[in-house]
Amino acid sequence: MNYVKSCLIITMLLGVQVGYSQCDANGDGDLDVLDVVIEVDCILTGCWETEPSLCDGLTEVELWGEWYDIENTTDISLFNQELGSIPPEIGCLTNLTWLDLEFNQLTGEIPSEIGNLTSLIILYLSANLLTGEIPSEIGNLTSLTILDLHNNQLTTLPESICNHFPFPIQYFILNNNNICGDLPSCLTKFIIGEQDCP
């Protein structure tokens, strides 16, 4: 539910005058039952505008100095090329089935847009310098059979990773990261392997 929807409902139900102009659904200057009816109708019918996608209107995306056709790119294998980081535009390549970016000194976090790659079967991001949380959107990759994230500096696993267990994941390697806190319910310390914990 976006801010405008929740703003109006909260304003009407609680009588709070926060964000008044943004909550006047029909633009008549009053907050009344008609505004609630309009808001509820839009919630039920999905008439609210969605945020534009990073990929809207694109036929190609530029990644690491190369252009990739959105419809026809099914695999990317770049090895030992010092790529920098994983750009969010990677999520535009929705027909990608194989993504191998091992040994590229990749830095930063894995972008949440990786979750758009629902055709992905194989994901190799090992031996880089990736940090932070593995995004929860990784749970969207329900066709994934190989997930290799070892030898990075990743710190947290989302519960959504359990969407891959016990199947279809056949090969899962995560050792030599910094995953030292709580684990998702489907994983054990044995499964994630040795970590670089203090």
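Since the model is a prediction, treat every value here as computed from it, not as a measurement.

Q: I would appreciate a short explanation of the sheet that holds strand E9 (residues 153-156) in the present structure.
A: What links the strands of a sheet is backbone hydrogen bonding, and the strands pair in either a parallel or an antiparallel sense. Reading across the sheet, the three strands line up as E5-E7-E9 and stay open at both edges, with parallel pairing between neighbours. The sheet terminates laterally at strand E5 (107-108) and E9, the two strands that pair on one side only.

Q: How do you make sense of unusual backbone geometry when you look at a structure like this?
A: Comment: phi is negative for the bulk of residues other than glycine, and the bulk of peptide bonds are trans. The phi dihedral of Asn 80 is positive, around 55 degrees, even though this residue is not glycine. Structurally, Asn 80 is set in the loop between strand E3 (75-77) and strand E4 (98-100). Under the relative-accessibility criterion, Asn 80 is labelled exposed at 54%. At Ala 127, a residue that is not glycine, the phi angle is positive and equals roughly 55 degrees.

Q: Even after reading the chapter, I still don't get the side chain of Gln 195, so can you show me in this structure?
A: With respect to the helices and strands, Gln 195 occurs in the segment after helix H4 (189-192). Residue classification places Gln 195 among the buried residues on the basis of a relative accessible area of 12%. A distance of 3.1 Å separates a polar side-chain atom of Gln 195 from the backbone oxygen of Leu 174. Of note is the side chain of Gln 195, whose polar atom sits 3.2 Å from the backbone nitrogen of Asn 177.

Q: How do you make sense of the state of the cysteines when you look at a structure like this?
A: Covalent bonding between the sulfur atoms of two cysteines is what defines a disulfide. If you walk through the whole model with that rule in mind, you get three disulfides. There is a disulfide in this structure between Cys 162 and Cys 186, and the S-S distance comes to 2.2 Å. Between Cys 162 and Cys 186, the disulfide has an S-S torsion of -90 degrees and is therefore left-handed. On the criterion of sequence distance, the pair formed by Cys 162 in the loop between E9 and strand E10 (171-173) and Cys 186 in the loop between E10 and H4 is long-range, its members being 24 residues apart. Accessibility expressed as a relative area gives 25% for Cys 186, which makes it partly exposed. Sulfur-sulfur distance for the disulfide between Cys 180 and Cys 197 comes to 1.9 Å. Linking Cys 180 and Cys 197, the disulfide has an S-S dihedral of approximately -100 degrees and is accordingly described as left-handed. In this pair, Cys 180 is assigned in the loop between E10 and H4 and Cys 197 in the segment after H4, connecting sequence segments 17 residues apart. Its relative accessible area of 37% is what places Cys 197 among the partly exposed residues.

Q: Just to check I follow, could you spell out the environment of Ser 185 for this structure?
A: Note that Ser 185 resides in the loop between E10 and H4. Setting aside residues up to four positions removed in sequence, Ser 185 forms contacts with Glu 159 and Cys 162.

The rules behind the values
- Residues numbered from 1 in each chain as written.
- Predicted model: local features only at pLDDT ≥ 70, side-chain atom pairs only at ≥ 80, totals over all residues.
- Heavy atoms only, no water.
- Pairing = 2+ DSSP bridges.
- Helix = DSSP H or I, 4+ residues; strand = E, 2+ residues; numbered from the N terminus.
- Buried < 20%, exposed > 50% of the residue type's maximum accessible area, 1.4 Å probe, protein only.
- Polar contact = N/O pair within 3.5 Å; in protein donor to acceptor, adjacent residues only side chain to side chain.
- Disulfide = S-S within 2.5 Å.
- Contact = heavy atoms within 4.5 Å.

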